[in-house]
Structures are given as C-alpha cells and as structure tokens.
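Single-letter residue listing:
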Amino acid sequence: MSALHPAPARDAASAADEAPALYRYVLRLGDLALVLGQRLSEWVGHAPALEEDLGLANIALDLVGQARLLLAYAGEIEGRGRGEDDIAFLRTHGEYLNPTLVELPNGDFGETIVRQVLIDAFQLALYERLASSRDERLAAIAEKAVKETRYHLRYSSSWLVRLGDGTEDSHARVQRALERLWPYTVELFEADALDRDMAERGIAPSLEDMRGAWNRHIDEVLAEATLDRPAERPYTWFGKRGEHSEHLGYLLAEMQYLQRAHPGARW
Amino acid sequence: MYTQALDVHGDSGEPVDESERERRFQARVDREEKVEPKDWMPARYRATLIRQISQHAHSEIVGMLPEGNWITRAPSLLRKSILIAKVQDEGGHGAYLYSAAETLGVSRDQLIEQLLCGKAKYSSIFNYPTPTWADVGAIGWLVDGAAIMNQIPLCRCSYGPYARAMVRICREESFHQRQGFDIMMKLCAGTAEQKAMAQGALDRWWWPALMMFGPPDSASTHSSDSQRWKIKRFSNDELRQKFVDFTVPQAKFLGLTVPDPELKWNETLQRHEFGAIDWNEFERVLKGNGPCNRERLEARRRAQSQGRWVREAAMAHADKQRRRAASCAA
Amino acid sequence: MSAESNERDAPGEREWPLFEIFIRPRGGLDHKHVGSLHACDARMAIEHARDLYTRREEGVSIWAVPSASITASDPAEADALFEPARDKIYRHPTFYDIPPEVKTL
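Enquirer: Run through the overall build of chain C, naming residues and quoting values.
Expert: If you tally the helices and strands in chain C, you get three helices and three strands. Along chain C, helices (α) and strands (β) appear in the sequence α-β-β-α-β-α when read from the amino end. The buried share of chain C, taken over its 105 residues, is 28%. Accessible area of chain C: about 7,000 Å², with a carbon and sulfur share of 56%.

Enquirer: If you had to explain the packing of aromatic side chains to someone new, which residues and values would you point to?
Expert: Using the criterion set out here, one finds 17 aromatic pairs over all chains in the structure. Between Tyr-128 of chain B and Trp-205 of chain B, the aromatic rings sit 6.2 Å apart at their centres with planes inclined by 65°, giving edge-to-face as the arrangement. In this pair, Tyr-128 of chain B is assigned in the loop between helix 4 (108-116) and helix 5 (133-154) and Trp-205 of chain B in helix 7 (residues 192-211), connecting sequence segments 77 residues apart. With respect to class, Tyr-128 of chain B is no different from Trp-205 of chain B; both count as buried. Taken together, the ring pairs connect Trp-43, Phe-109 and Trp-159 of chain A together with Trp-16 of chain C into an aromatic cluster. Across from the ring centre of Trp-159 of chain A, 4.8 Å away, lies the NZ or CZ of Arg-162 of chain A, which sits over that ring. A cation over an aromatic ring shows up here: Arg-73 of chain B above the ring of Trp-70 of chain B, its NZ or CZ 3.6 Å from the ring centre.

Enquirer: Explain helix 9 (residues 207-224) of chain A to me, using residue names and the numbers behind them.
Expert: All names here are of chain A. For helix 9, spanning 18 residues, the distance from its first C-alpha to its last is 25 Å, which sits close to the expected 26 Å at 1.5 Å a residue. Taken together, the buried positions of helix 9 are occupied by Leu-207, Met-210, Ala-213, Trp-214, Asn-215, Ile-218, Val-221 and Leu-222. Along its buried surface, helix 9 packs onto helix 4 (109-130), helix 5 (136-164), helix 6 (168-181), helix 7 (186-189) and helix 8 (193-200). Its side-chain oxygen at 3.2 Å from the backbone nitrogen of Glu-208, Ser-206 defines the N-terminal cap of helix 9. Directly after helix 9, the chain includes Thr-226, whose backbone phi takes a positive value near 55°.

Enquirer: I'd like a description of the interface of chain B and chain A, backed by residues and values.
Expert: Contact residues are listed per partner, giving 46 residues for chain B and 45 residues for chain A. Connecting chain B to chain A are three salt bridges. The residue Glu-51 of chain A makes a salt bridge to Arg-108 of chain B at a minimum N-O spacing of 2.9 Å. Mapped onto the side of chain B that touches chain A, the elements with two or more residues apiece are helix 2 (43-68), helix 3 (77-102), helix 6 (160-188), helix 7, helix 11 (293-306) and helix 12 (308-329) of chain B. Here the element with the most residues in the side of chain B that touches chain A is helix 3 of chain B; it accounts for 14 residues.

Enquirer: Lay out the pattern of salt bridges with the relevant residues and their values.
Expert: As enumerated under the stated definition, the model contains 54 salt bridges over all chains in all. Across the salt bridge formed by Lys-320 of chain B and Asp-165 of chain A, the nearest N and O atoms sit 2.8 Å from each other. Separated into two different chains, Lys-320 of chain B in helix 12 and Asp-165 of chain A in the loop between helix 5 and helix 6 make up a pair that spans both. You can call Lys-320 of chain B partly exposed: its relative accessible area is 24%. Residue class for Asp-165 of chain A comes out buried when judged on its relative accessible area of 6%. The network of salt bridges with common partners includes Arg-28, Asp-192, Asp-195 and Lys-240 of chain A.

Enquirer: Talk me through the sheet that holds strand 2 (residues 32-38) of chain C; I want residue IDs and the actual numbers.
Expert: Residue and element names in this part refer to chain C. Taken together, three strands build an open sheet; the order of strands is 2-1-3 and the sheet is antiparallel. Here the strands that pair on one side only, and so sit at the sheet edges, are strand 2 and strand 3 (61-66). Between one strand and the next, the sheet's axes are offset by a mean angle of 30°, whatever the strand orientation. Looking at chain direction, strand 1 (residues 18-24) and strand 3 are connected through six bridges and run antiparallel. Bridged to Arg-24 within strand 3 is Ser-61.

Enquirer: So, the nonpolar core: which residues are in play, and what are the values?
Expert: Judged by nonpolar contacts, the single largest core of 198 residues is most densely connected at Leu-138, Trp-159 and Leu-160 of chain A together with Trp-133, Tyr-159 and Trp-206 of chain B. Once residues lying within four places of it in the same chain are set aside, the contact partners of Trp-206 of chain B are Leu-142, Phe-243, Val-244, Thr-247, Val-248, Val-258, Pro-259 and Asp-260 of chain B.

Enquirer: Break down the side chain of His-93 of chain B for me, citing the residues and quoting the values.
Expert: With respect to the secondary-structure elements, His-93 of chain B resides in helix 3. What makes His-93 of chain B buried here is its relative accessible area of 0%.

Enquirer: Describe the pairing of strand 2 of chain C, naming the residues involved and giving the relevant values.
Expert: Residues and elements named next belong to chain C. Across the seven residues of strand 2, five count as buried, placing the element largely inside the fold. Judged from the six bridges that link them, strand 1 and strand 2 form a sheet pairing that is antiparallel. Its bridge partner being in strand 2, Ile-23 is matched across the sheet by Lys-32.

Enquirer: I'd love a proper account of the state of the cysteines, names of residues and values included.
Expert: All names here are of chain B. Summed over all chains, the structure comprises zero disulfides over all chains. Cys-155 provides the cysteine sulfur closest to Cys-170, a residue in no disulfide bond, and the two sulfurs are 3.6 Å apart. Taking relative accessible area as the criterion, Cys-170 reaches 16% and is therefore assigned buried.

Enquirer: Please give an account of the packing of helix 5 of chain B against helix 7 of chain B that cites residues and values.
Expert: Two quantities define a packed helix pair, namely the angle between the axes and the distance from one axis to the other. All names here are of chain B. The N-to-C vectors of helix 5 and helix 7 enclose an angle of 35°; their axes lie 8 Å apart at closest approach. Judged by the twist between their axes, the crossing of helix 5 over helix 7 is right-handed. Residues Trp-133, Ala-134, Asp-135, Ala-138, Ile-139, Trp-141, Leu-142, Val-143 and Ala-146 of helix 5 pack against Met-197, Ala-198, Ala-201, Leu-202, Arg-204, Trp-205, Trp-206 and Ala-209 of helix 7. Residues that form the contact of helix 5 with helix 7 fall into these classes: 15 nonpolar, no polar and two charged.

Enquirer: Account for the confidence of the model for chain B, with residues named and values stated.
Expert: Per-residue pLDDT for chain B averages 90, and the proportion of residues at 70 or more is 94%. Summarising per-element confidence for chain B, the mean pLDDT is lowest in helix 8 (residues 223-228) of chain B (79) and highest in helix 7 of chain B (97).

Enquirer: Got a sec to walk through unusual backbone geometry? Specific residues and values, please.
Expert: Positive phi, close to 55°, is recorded for Thr-226 of chain A, a residue that is not glycine. Along the chain, Thr-226 of chain A falls in the loop between helix 9 and helix 10 (247-261). What makes Thr-226 of chain A partly exposed here is its relative accessible area of 39%. Residue Gln-270 of chain B is not a glycine yet carries a positive backbone phi of 55°.

Enquirer: Please give an account of helix 2 (residues 42-53) of chain C that cites residues and values.
Expert: Residues and elements named next belong to chain C. Relative to the 16 Å expected for twelve residues at 1.5 Å per residue, helix 2 spans 16 Å between its end C-alpha atoms, a close match to the ideal helical length. Those residues of helix 2 that sit buried are Met-44, Ala-45, Glu-47, His-48, Ala-49, Asp-51, Leu-52 and Tyr-53. Of the residues flanking the start of helix 2, the one acting as N-cap is Asp-41, its side-chain oxygen 3.2 Å from the backbone nitrogen of Arg-43.

Enquirer: Tell me what's going on with a nonpolar patch on the surface, and back it up with residues and numbers.
Expert: Together, Tyr-90, Phe-95, Tyr-96, Ile-98, Val-102 and Leu-105 of chain C make up an exposed nonpolar region whose accessible area comes to about 650 Å². Relative to the helices and strands, Phe-95 of chain C is located in the segment after helix 3 (78-86).

Enquirer: Give me the lowdown on the confidence of the model for chain C, citing residues and values where you can.
Expert: All names here are of chain C. Per-residue confidence for chain C averages 79 on the pLDDT scale, and 84% of its residues sit at or above 70. Scored below 50 in pLDDT, residues 1-10 shows 18 contacts in the model against residues more than four places distant or in partner chains. For this predicted complex, the interface confidence reaches an ipTM of 0.93, while the overall pTM sits at 0.90.

Enquirer: Outline the side chain of His-317 of chain B, listing residues and values.
Expert: Along the chain, the position of His-317 of chain B falls in helix 12. One polar contact links the side chain of His-317 of chain B to the main-chain carbonyl oxygen of Asp-165 of chain A, over a distance of 3.1 Å. Setting aside residues up to four positions removed in sequence, His-317 of chain B forms contacts with Val-161, Arg-162, Asp-165 and Gly-166 of chain A.

Parameters and conventions
Residues numbered from 1 in each chain as written. Chains lettered and ligands numbered in written order. Predicted model: local features only at pLDDT ≥ 70, side-chain atom pairs only at ≥ 80, totals over all residues. Heavy atoms only, no water. Helix = DSSP H or I, 4+ residues; strand = E, 2+ residues; numbered from the N terminus. Buried < 20%, exposed > 50% of the residue type's maximum accessible area, 1.4 Å probe, protein only. Areas by Shrake-Rupley, 256 points an atom, 1.4 Å probe, with all protein chains shown as cover. Phe/Tyr/Trp six-rings, centres within 6.5 Å; stacked < 30°, edge-to-face > 60°. Lys NZ or Arg CZ within 6 Å of the ring centre and 35° of its normal. Expected span 1.5 Å × (residues − 1). Contact = heavy atoms within 4.5 Å. Polar contact = N/O pair within 3.5 Å; in protein donor to acceptor, adjacent residues only side chain to side chain. Salt bridge = Lys/Arg side-chain N within 4 Å of Asp/Glu carboxyl O. Pairing = 2+ DSSP bridges. Axes fitted to C-alpha atoms, helices over the stretch in contact; angles between N-to-C directions. Core = buried A, V, L, I, M, F, W, Y, C linked by side-chain atoms within 4.5 Å. Disulfide = S-S within 2.5 Å. Left-handed = near helix turned anticlockwise from the far one by under 90°. Nonpolar A, V, L, I, M, F, W, Y, C, P; charged D, E, K, R; others polar. pLDDT = per-residue confidence, 0-100. Patch = residues over 30% accessible without salt bridge, like charges linked within 9 Å, V, L, I, M, F, W, Y side chains within 5 Å.

Structure below.
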C-alpha cells in the first residue's frame with residue numbers, strides 16, 4: 001500500500017467477510033514470532049559468552065512479546081473466546097502457519113545468526129510497511145515492533161560480519177549455514193492467494209516491495225561479511241500454509257506439554 | 001577505576017610497615033569508609049573478596065540452568081516471558097559480579113576456568129534438579145528469598161565495587177522472589193495435581209534452601225575475618241533464623257506444609273524452632289556429588305568449548321578492523 | 001577430564017578486552033559509571049552495554065571506554081591532590097553571609 005494514500009478504515013460488512021483470511025494472516029506473523037522466540041530461548045545459558053546469553057535472550061523476549069500481541073488479536077478475530085495461550089498452546093500441527101525456516105533446530109551459533117539475519121531483515125521490511133496498514137491493530141503492533149526489529153537486525157548483522165569476516169573456520173561455517181538455510185527463504189516472498197488478498201485489502205504490504213528491501217539489506221550485509229549469496233534452488237517447504245518439516249512436531253510437544261497434561265488449568 | 005592495568009602489588013606512598021598499614025586499613029573499615037580498587041588492602045582481604053565475589057558470580061551463571069531448563073516448557077506466554085527475563089537477569093548479575101571481581105586483579109577468564117575445572121565453588125543449591133514446573137516457583141520463592149536475605153547486608157559491604165554491584169542486583173532481585181511466589185499461589189489455588197506439584201516442590205527445596213546460609217556458626221572457618229572487614233555483616237545462623245521466620249507464614253498462606261516435623265513457634269523467644277539440618281548432605285553436594293553437579297558443569301563446559309570458534313572469530317575480526325583503520329590512517 | 005577440557009586448555013585463546021561503561025540515565029544528566037564488560041571492539045561494547053545495563057530503561061546514552069585508556073589518580077596521593085581544597089572554604093557560597101534584603105545573590 002502507498003504511504004501517500006492510506007485506504008479508509010474498513011466497514012463492518014467487509015470486516016466480517018475478511019475475518020477468516022485475516023485470522024490466518026495474523027497467525028502467520030504471530031507464529032513466526034512464537035516459533036522463533038521458542039528456538040532462541042533454547043540458547044539461554046548455553047551461548048558462547050555471557051554477553052551473548054543476554055543478547056539472544058533479549059531478542060527471544062521481544063519475539064515472545066510480539067507473539068502475545070499478534071496471537072491475542074488472532075483470537076479476537078476468530079471470535080470463539082480463545083486467548084493468546086489457547087491459540088499458542090492448543091492448536092494442532094497443521095494449524096501453525098510459521099515459515100519453515102524458523103522451526104529448524106538452532107544448529108551452532110553461526111547457523112542461528114544466519115537464520116536471525118534472514119528473518120530480522122524480513123521482519124523489518126514487513127513491520128516498516130505494516131505500520132501503515134488499514135488494520136489499525138496491526139499498524140499499532142508493527143509500529144512498536146519495528147524499533148525492536150531494528151535492534152535485532154543490528155545485533156545479528158554485526159555478528160554475521162564478525163563470523164563471515166573473522167577466521168577461515170568461522171567463514172566456512174557461516175557460508176555453509178547460509179547455503180543450507182537459503183532455500184527456506186523462498187516461501188517468505190512467494191505470494192499465495194492469502195498474501196494477494198491481504199495486499200488488495202490494504203492490510204498487508206506487497207511481498208514484492210518487501211523482497212526488494214530485503215534483498216538490498218541482505219546483499220549489503222553479505223558483502224560486508226565477505227560471504228557469497230547462494231544460488232537459488234528448488235524448494236518444497238511451505239510452513240506458512242501449515243506444511244511443516246519434521247522439526248515442528250518436537251518443538252510443539254515440548255512447548256505444549258504442560259497445557260496438554262493439565263487441561264483447563266490456570267498458571 | 002576498574003582497570004585491568006592496575007598495579008596491585010606496588011604502593012607509591014611513604015614507607016610504612018605492614019602492621020601499621022593493616023591498622024590504618026582496619027580503622028577505615030571501622031569508620032564505614034569504602035575500600036576502592038586502587039587502595040592498599042591486606043592480601044587476605046583481597047583473596048577473601050575474590051573468593052566470595054567469584055563464588056557469587058559462578059552461582060548466578062550456574063543458576064541460569066535449573067530454571068532455564070523450563071523456558072521452552074513454560075505453561076503460558078506470560079510465564080515464558082517472565083522466566084526468560086529472570087534468567088537473563090541472572091546472567092547479568094553474574095556479569096556485574098565478575099566485573100567487580102576483576103577490579104581486584106583477576107581476569108574473568110581465569111575465574112571461569114576455575115569454575116569449569118571444578119576448583120571453584122558455587123552455591124550448592126543449583127545442583128538440585130527441577131523436575132516439575134512447581135520447582136521453578138519454589139526456586140523463586142525460597143532460593144531467591146534466601147539469596148535476598150544474604151544480599152541486602154552486602155549492599156553495605158566495605159568493598160565499593162562489590163557493594164555497588166549488590167545494590168544493582170538487589171533492585172532487580174525483588175521481582176525474582178515475587179514471580180516465584182506468584183507461581184506457587186496459582187498452583188495452590190489450582191487443580192489437585194497442581195497443588196500436589198507445589199507441595200512436592202516445597203518438600204524438595206526447603207532443606208537445601210536452609211543450607212544456602214552455610215554451615216552453622218560454630219563450624220564456619222571464614223567468618224570472623226569476613227565480619228571484621230565488613231564483607232559479611234550477619235552470621236549464617238542469624239540469617240537462617242530470619243529466613244525461617246519470614247517464610248513459614250508464607251507457606252501457611254499457601255496452604256502448604258513445611259517438611260519439618262520439629263518446626264514449631266517458640267512464644268518466649270518469638271521465633272521458630274526447627275529440626276536438624278543434614279550437614280552430610282551439604283558436604284556431599286558441595287564436594288561435587290550432588291544430583292546435578294556433573295550435569296551443570298558439563299553444560300557450562302560444553303557452552304565454553306563449543307563457543308570458542310565464535311569468540312576467536314570476533315577477536316580476529318576486531319584485529320582486522322584495527323589493521324585496516326591503521327593502514328587507512330597511514 | 002573429558003577431551004573437551006583439553007580443547008579448553010589449548011594455548012592462547014585471547015580474552016576479549018575490558019571496557020568501562022558510562023550511562024546517561026535521562027536527558028540533562030551526566031554519564032555515570034555503571035561497571036565494566038568484555039567486548040572485542042567499541043561497537044560490540046555498546047551492544048553489550050545496552051543488553052547488560054539498560055534492561056530497565058535506565059539509559060538514553062552509552063559511553064564505552066577501553067579500561068586500559070583510563071588514567072586514575074593514585075589513592076596514595078589523595079592528600080596532596082585533594083586536601084588543599086578542604087581549607088579553601090571561601091570557594092563555597094555558604095561561606096558568605098549576605099544580608100537577606102539583598103535578594104538576587
């Protein structure tokens with residue numbers, strides 16, 4: 001959507017009509033934050049230096065915070081009285097709509113940093129544009145999240161440069177990680193019917209727009225990190241449509257355990 | 001200033017003999033003046049502080065593990081957030097304390113090496129497992145509660161950097177105890193299974209928490225110097241008694257039973273009497289034979305060794321940047 | 001000891017240098033020393049300081065200085081450096097008894 005001509009707020013009829021699609025769209029954003037926050041929080045107490053325990057925990061905390069706001073909103077749109085925790089903990093595997101990239105195991109610090117740069121650049125492009133969404137709630141969430149994301153991207157980019165342009169060993173490790181993770185970025189920008197629908201309604205930004213911004217940042221940081229941009233390769237995962245890798249199941253089993261073991265309990 | 005470039009063995013003042021220096025030093029401490037990094041201090045004062053501050057720092061770092069273990073399984077997003085923030089704080093506290101220890105002329109890497117090879121001690125409480133979510137609540141309520149009791153007097157300790165680190169830590173610590181108690185309250189007001197989970201955690205953590213205050217006064221070797229130098233301001237038994245008196249009513253409020261059949265209120269002395277502590281267990285755990293000692297240290301060793309390539313890469317990059325800047329300037 | 005400990009003992013992992021951190025808590029106030037941390041360079045020091053010392057909104061500005069760059073006065077010279085100021089109390093406004101009728105001094 002254009003910042004110069006923000007579309008008028010939606011009327012009640014069209015809002016009801018778009019609710020199922022909006023619900024799914026918000027889940028995509030919320031589940032990205034939820035699953036990546038979960039993965040990052042696994043690092044706490046195990047990072048290469050005490051300062052990095054704090055740095056990664058900081059990003060994890062911000063992402064869980066974004067997940068709470070987005071999933072609470074999703075519950076409201078759904079209109080069945082489900083709150084942020086019901087949505088976060090009680091859906092089944094195929095109902096999670098995060099991109100597959102964020103559910104992959106952390107790997108070593110280098111792989112985690114590569115993944116983080118790819119996603120931070122994506123979230124920055126997303127939130128910068130989402131801040132002028134016709135959906136006021138999403139716009140407000142995005143406005144807050146954009147500041148956090150700028151810091152995340154600064155942190156992850158700095159680390160990618162240190163590792164890419166560090167020792168021969170660190171360079172080799174992150175180049176390998178980049179090759180391994182690159183194919184998972186395809187789904188981030190491949191628009192499907194839901195993406196197009198949301199863009200037409202002025203709710204979501206155009207993925208093409210975002211792809212341009214993302215490419216510019218990624219090329220810049222890869223160059224500074226002396227890393228080669230991998231070639232494009234054919235790809236099969238589409239977590240954003242609920243088609244996940246084997247890894248999500250384990251992550252959910254761990255995350256959902258207490259809620260499933262004590263149905264209806266309050267914590 | 002807290003510089004590593006301190007000349008900690010020399011002194012450029014007029015020649016004065018050692019016992020006169022010690023007398024003047026003690027007089028300053030008695031006047032409640034703070035000792036700062038570049039000041040002259042007795043070698044034993046320096047050694048005692050390095051030992052105490054580093055043990056405290058190690059405890060914070062190791063302490064991230066028993067609770068960190070539950071972050072991915074926290075039962076709500078709010079609890080997950082709170083737990084990440086708490087464990088992050090603990091890492092931060094470790095960092096402040098290593099910084100304070102470094103002002104005494106040791107390096108953080110040296111101290112960490114001592115921890116990882118098993119030479120340095122840390123609070124034995126973190127060698128106990130956290131098998132249930134209720135253990136996370138019990139740690140916040142009891143372990144952080146006991147820690148606060150130890151830490152508040154340290155805010156007035158004679159060594160400036162340690163006192164200042166403690167002020168910062170105590171400010172952050174009070175949320176830790178409250179969130180633990182809050183977890184326990186929700187459990188005790190919940191389902192029968194939740195309440196049983198809470199009671200089980202209290203059963204497991206009560207005695208280890210009492211042991212956190214250290215051996216009885218009669219048996220403690222380091223105490224009298226530490227008290228004279230205002231590094232330690234209250235005795236182990238005094239603090240332990242205070243902890244029991246504060247905590248027993250809290251357990252009652254929760255509707256939980258303290259696992260001590262000899263616990264009773266003494267109306268004359270206005271305090272609780274409690275049963276004998278098993279000091280053999282304390283010694284066993286302190287010596288490395290507690291349930292999780294090996295696992296905790298292994299986890300820290302793994303993090304350290306697996307992270308080595310990262311730390312070296314960061315240094316290599318910084319070196320390259322410096323060389324580039326130098327050759328641009330040339 | 002495991003093989004990992006031998007790897008740790010392997011020669012020459014250089015420690016990250018120490019930096020002293022100063023934070024300005026709010027606009028209008030001075031930067032105050034809050035402690036130290038380890039970092040490879042100034043940029044990392046700022047990031048670490050942000051995560052270590054400003055988690056509770058305690059800062060609007062951070063200064064990071066390599067510890068080795070700081071020169072400290074010697075406590076043994078404290079008397080010579082600071083004592084003479086003590087008896088020049090005429091530097092302080094409270095030394096002067098200005099009659100209350102003179103309002104703006």
